[in-house]
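What the coordinates show
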Amino acid sequence: MTETPPKRATISAVARLAGVSPSAVSHVFNGRPNVSAATAERIRRAADELNWRPNYASRKVSGGGGRSLGLVIARASETFGRDPFFMRLVAGLTEPLSAIGWSLSLTLVRVDDEARVYREWWAEQRVDAFLLVDARTDDPRLELVRQLGAPAVVLGAPTDTGVPAVTVRDDAAFAAVLAHLADLGHRRVARVNDAPNLAHTRTRDGRFAAAAGECGIEPSYAVWDAEAEDPVADLLGRIGDVTAIVVDSEVIAAEIVAHAPELGVGIPDRLSVVAWEDSWVSTLVRPRLTALDAPVEESARTAVELLERLVRGEEVTSQTVGGRRLMIRDSTSTAPTPKS
């Protein structure tokens, strides 16, 4: 049986819980001084308990404001600005949101502030739904949006919490990459990720291992350490005698391609490099990156469709969009001949 999501609290409900009039609640949240400190504190506690805040949307100029999608990203501004995926995602959301008259409310926060922002945006009715990205293992946001009764969709990782997800059909992606590398003679390949706490990392590790077994490749794994004095030198020192790597981020892959030759590791004659994500970054470096192009725009469009239906009160199920396409460029070539 489908669980009915809780309704948003009203100012009257807050007033009843605090034992005051609705006007007293309004006075407190409008900053008026005619309510005692003790009463104001009781009102704020009641509002917090009910996850209520004033409806800022109703304060807009008359004419009817449209709905808004909330996108809360727990990343530093410099990290966000360097990640082409988020630029593609925001661009991909713009057209379908505009088509249905919605706006995008975007903010960058620290992980410790995530829950507070979700609660405030929902209680203040600043947004009508949330799009969750960078889903983590045991992600507390999944239970939070359920508690709030907020329509939400997860992008990029399936969940078993009842929150629908939009995922990419990745089951054949590693098979395509490793078949390409195997055809070039590679037999030892490492997968490099920069976010071991994200929910999709373990899934990708499993698919990488399965595809490696089918291609006769010995798989290994490494985590990118951005805090190392020289992250590229640190990685190259840990991956051993592998002849190819598959890197989750094209930005990191580009950094490896640019810096490895300075450390005596030629790309691709000594080490072939594949990026799991593709973007304009892939063609800026030399050699250009072999990469997997993900259907980011299709994912964004599908997520908006699901969220609009959720806001209308319809039931939806998780959706899977088209798979990644292998874009073969210059950063992969024949495996080097083993030293005798």
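If you're wondering where the values come from, they're calculated on a predicted model, not measured in any experiment.

Pairing in this open sheet of 6 strands is parallel, and the strands run E2-E1-E3-E4-E5-E11 from one edge to the other. Edge positions in the open sheet fall to strand E2 (103-108) and strand E11 (319-321), since each of these has one partner strand only. Taken pair by pair, the neighbouring strands of this sheet meet at an average axis angle of 20°, ignoring direction. Sheet topology note: the strand E1 (residues 68-73)/strand E3 (residues 129-132) ladder contains 2 bridges and is parallel. Its bridge partner being in E3, Gly-70 is matched across the sheet by Phe-130. With respect to the sheet, helix H7 (residues 140-148) is in contact with E1, E3 and strand E4 (152-155), its orientation differing from that of E3 by roughly 170°. Contacts between helix H12 (residues 296-311) and the sheet are confined to E1, E3, E4, strand E5 (165-168) and E11, with E4 contributing the most and set at about 165° to the helix.

Side chains Ser-272 and Val-274 project from strand E9 (residues 272-275) onto one buried face, and the interleaved Val-273 and Ala-275 project onto a second face that is buried too. Across 4 bridges, the pairing between strand E8 (residues 244-247) and E9 is parallel. Residue pairing across strands places Ala-244 opposite Ser-272, the latter belonging to E9. As paired strands, E9 and strand E10 (residues 290-293) are joined by 2 bridges and run parallel to one another. Among the inter-strand pairings, Val-274 is bridged to a residue of E10, identified as Thr-290.

This part covers the sheet that holds strand E12 (residues 325-327). Here we have 6 strands laid out as an open sheet, ordered E7-E6-E8-E9-E10-E12, and mixed in their pairing. Bordering the open sheet on either side are strand E7 (218-223) and E12, each of which pairs with just one other strand. Going from strand to strand, the sheet's axes swing by 20° on average, the running direction of each strand aside. Here 3 bridges tie E10 to E12, and the two strands are oriented antiparallel to one another. Opposite Ala-291, over in E12, you have Met-327 as the bridge partner. In the packing of helix H9 (residues 199-215) onto the sheet, contacts are made with strand E6 (188-193), E7 and E8, and the angle to E6 comes to roughly 170°.

Per the stated rule, a full pass over the model turns up 6 aromatic pairs. Ring centres 4.7 Å apart and planes at 50° place the aromatic pair Tyr-118 and Phe-130 in the tilted group. On the criterion of sequence distance, the pair formed by Tyr-118 in helix H6 (residues 114-123) and Phe-130 in strand E3 is long-range, its members being 12 residues apart. By relative accessible area, which is 0% here, Tyr-118 ends up buried. Accessibility expressed as a relative area gives 0% for Phe-130, which makes it buried. Between Phe-174 and Trp-276 the ring centres are 4.4 Å apart and the planes differ by 25°, which places this aromatic pair in the stacked class. Residue Phe-174 is located in helix H8 (residues 173-183), and its partner Trp-276 is located in the loop between E9 and E10; the two are separated by 102 residues in the primary sequence. With relative accessibility at 1%, the residue Phe-174 sits in the buried group. Judged by its relative accessible area of 0%, Trp-276 falls in the buried class. Counting every residue linked through ring pairs, the aromatic cluster contains Phe-174, Phe-208, Tyr-221 and Trp-276.

Helix H2 (residues 22-29) packs onto helix H1 (residues 11-18) with a crossing angle of 100° between their chain directions and a minimal axis gap of 8 Å. One finds that H1 runs roughly perpendicular with respect to H2. On the side of H1, the interface is formed by Ile-11, Ser-12, Val-14 and Ala-15, while H2 contributes Pro-22, Val-25 and Ser-26. In terms of residue class, the contact of H1 with H2 is built from 5 nonpolar, 2 polar and no charged.

Here the focus is the nonpolar core. Core analysis: the biggest nonpolar cluster contains 26 residues, and Ile-239, Ile-245, Val-247, Ile-256, Leu-271, Val-273 and Leu-289 have the highest contact counts within it. Looking at this core element by element, the count peaks at 5 residues for helix H11 (residues 250-259). Within the second largest apolar cluster, 25 residues are counted, among which are Leu-69, Ala-129, Ala-303 and Val-321.

Between the first and last C-alpha of H12 there are 23 Å, a value that for 16 residues agrees with the 22 Å anticipated at 1.5 Å per step. Among all positions in H12, only Val-296, Ser-299, Ala-300, Thr-302, Ala-303, Val-304, Leu-306 and Leu-307 are buried. On its buried face, H12 is in contact with E1, helix H5 (84-99), E3, E4, E5 and E11. Trailing H12 by a residue or two, Gly-313 shows a phi angle of about 90°, which is positive.

Locating Ser-77 in the fold gives a position in helix H4 (residues 77-82). For the pair Ser-77 and Ile-245, spaced 168 residues apart in sequence, the C-alpha separation works out to 28 Å.

Reading the values: rules and limits
Residues numbered from 1 in each chain as written. Predicted model: local features only at pLDDT ≥ 70, side-chain atom pairs only at ≥ 80, totals over all residues. Heavy atoms only, no water. Pairing = 2+ DSSP bridges. Helix = DSSP H or I, 4+ residues; strand = E, 2+ residues; numbered from the N terminus. Axes fitted to C-alpha atoms, helices over the stretch in contact; angles between N-to-C directions. Contact = heavy atoms within 4.5 Å. Buried < 20%, exposed > 50% of the residue type's maximum accessible area, 1.4 Å probe, protein only. Phe/Tyr/Trp six-rings, centres within 6.5 Å; stacked < 30°, edge-to-face > 60°. Parallel < 35°, antiparallel > 145°, perpendicular 65-115°, else oblique. Nonpolar A, V, L, I, M, F, W, Y, C, P; charged D, E, K, R; others polar. Core = buried A, V, L, I, M, F, W, Y, C linked by side-chain atoms within 4.5 Å. Expected span 1.5 Å × (residues − 1).

Function-wise, these values are silent; they only describe arrangement.
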